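Examining the three-dimensional arrangement
What follows is the residue order along each chain.
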Amino acid sequence: MENLDEINKLLSIPNGLSNSRDAIYNIAVRFVRLLEKPGSDLGDNTKVDEMRPILSSIRASGCSADMECCFAIMLKILLRKPVNRDSLGKFGLNAIIQCLSRQGLLTSPVTPELGNVILNACFDSSNVILFLKEGGMKPLLFLMKSQETIIQSSILGALQGICFTAAGKYHMRTCEEAINAIVLYFMSDVLLVRARAVGTIHNLSSDPLAIALIRDATNYAAIPLLVTLLHDPSSEICHASAGTLQNLARDSSARDMMLAIPECLERLIDLLFASD
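The shown structure was predicted, so the numbers you read here are calculated from the model rather than taken from an experiment.

Turning next to a nonpolar patch on the surface. Taken together, the side chains of L259, L265, I269, L272 and F273 make up a nonpolar region of the molecular surface, amounting to roughly 600 Å² of accessible area. Considering every element that reaches the nonpolar patch, the biggest residue donor is helix α20 (residues 262-272), with three residues.

This brings us to the environment of A212. Position of A212 relative to the elements: it lies in helix α15 (residues 211-215). Each C-alpha atom of the pair A212 and L248 lies 8.2 Å from the other, and the pair is 36 residues apart in sequence.

So, on to the packing of aromatic side chains. Summed over all chains, the structure comprises zero aromatic pairs. The ring of F164 has K169 sitting right over it, with the charged end atom 5.9 Å from the ring centre.

Oppositely charged side chains may form a pair once their charged atoms are brought near each other. Applying the stated criterion across every chain yields a total of eleven salt bridges. Between R215 and D216 there is a salt bridge whose closest N-O contact spans 2.7 Å. Members of the salt-bridge network, linked through shared partners, are R21, D22 and D66.

Further remarks concern the packing of helix α1 (residues 2-11) against helix α5 (residues 65-78). Following both chains from N to C, one finds α1 and α5 inclined at 130°, their axes separated by 13 Å at the closest point. The angle between α1 and α5 falls in the class oblique. Viewed along their axes, α1 and α5 form a crossing whose handedness is left-handed. Contact residues: α1 offers L4, I7 and L11, while α5 offers F71, M74 and L78. Across the contact of α1 with α5, the residue classes tally to six nonpolar, no polar and no charged.

Our next topic: helix α17 (residues 222-229). Along an α-helix, residues three or four apart share an orientation, since each turn contains 3.6 residues. By the criterion of burial, α17 is predominantly enclosed, with six of the eight residues buried. Looking only at α17, the buried set comprises A222, I223, L225, L226, V227 and L229.

A word on α1. Here α1 has its buried residues at N3, L4, I7, N8, L10 and L11. For α1, the angular spread of the buried residues around the axis is 165°, confining them to a single face. Exposed residues lying more than 90 degrees from the buried face of α1 are E2 and K9. In this fold, the buried residues of α1 make contact with α2 (16-19), α3 (21-35), α4 (52-59) and α5.

Let us now look at the packing of helix α13 (residues 176-184) against helix α14 (residues 191-205). For the pair α13 and α14, the least separation of the axes is 8 Å and the interaxial angle reads 135°. The angle between α13 and α14 falls in the class oblique. Both α13 and α14 take part in a crossing whose hand is left-handed. On α14, the residues that touch I179, I182 and V183 of α13 are A197, T200, I201 and L204. When its residues are assigned to classes, the contact of α13 with α14 shows six nonpolar, one polar and no charged.

Analysis parameters
Residues numbered from 1 in each chain as written. Predicted model: local features only at pLDDT ≥ 70, side-chain atom pairs only at ≥ 80, totals over all residues. Heavy atoms only, no water. Patch = residues over 30% accessible without salt bridge, like charges linked within 9 Å, V, L, I, M, F, W, Y side chains within 5 Å. Areas by Shrake-Rupley, 256 points an atom, 1.4 Å probe, with all protein chains shown as cover. Salt bridge = Lys/Arg side-chain N within 4 Å of Asp/Glu carboxyl O. Helix = DSSP H or I, 4+ residues; strand = E, 2+ residues; numbered from the N terminus. Phe/Tyr/Trp six-rings, centres within 6.5 Å; stacked < 30°, edge-to-face > 60°. Lys NZ or Arg CZ within 6 Å of the ring centre and 35° of its normal. Axes fitted to C-alpha atoms, helices over the stretch in contact; angles between N-to-C directions. Parallel < 35°, antiparallel > 145°, perpendicular 65-115°, else oblique. Left-handed = near helix turned anticlockwise from the far one by under 90°. Contact = heavy atoms within 4.5 Å. Nonpolar A, V, L, I, M, F, W, Y, C, P; charged D, E, K, R; others polar. Buried < 20%, exposed > 50% of the residue type's maximum accessible area, 1.4 Å probe, protein only. Arc of directions from axis to C-beta.

Below, the structure is given as structure tokens:
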């Protein structure tokens, strides 16, 4: 890609980022505007794009916030290509984690984009394993505590992708506090936050060893909240909630809790006869 080649050329010069900041930023903005829309043509899908100069730049702390944000969006775009995900490796994931670890809980345009970068990177289970080995879960769970809903939804999206893999499920089972926090997001007023929180727990609930942790989360609030979400305006959330209850129903105690809620069977039957 021409714009990427231009940026890499400038970044490869000693002190290139500081000496050519404006030129690099303008080229990065053009790259983003041209390719950010999902489905954009990223060129030869068999060719690995050179991401190391950008990864090296975000690994260090010398980027301004606007430049770091542009680089994060570029990585999000580039990691749509499977060959780029395959080539990310330990260095690439460590660079992303280093950048993630510098972010705070307050509003930042960088943090949500980094969540999207991790979501795309962790589409491959091998990258999830590397991400966990490099300590990526700790800063991710820290940022989930943000009061900013755009950060919440982005971080939960990354966690949802991670929990789709066996390694992610295994690791999340050791994070009982995080499971409790995710369940509380079922009550969010923001649809995307609710959807990604339920989606994360839905993915986790397919692991039989996680069922008891979910069942008992936040003083046994998970199942009543899932029953409430069976009438959510979003069909995606209804689907994920029903699927999670299905998985939890493998456990006899969870089934007893469901049967003790009068609305549970009624709402499931309502969904059975819904138009979707």
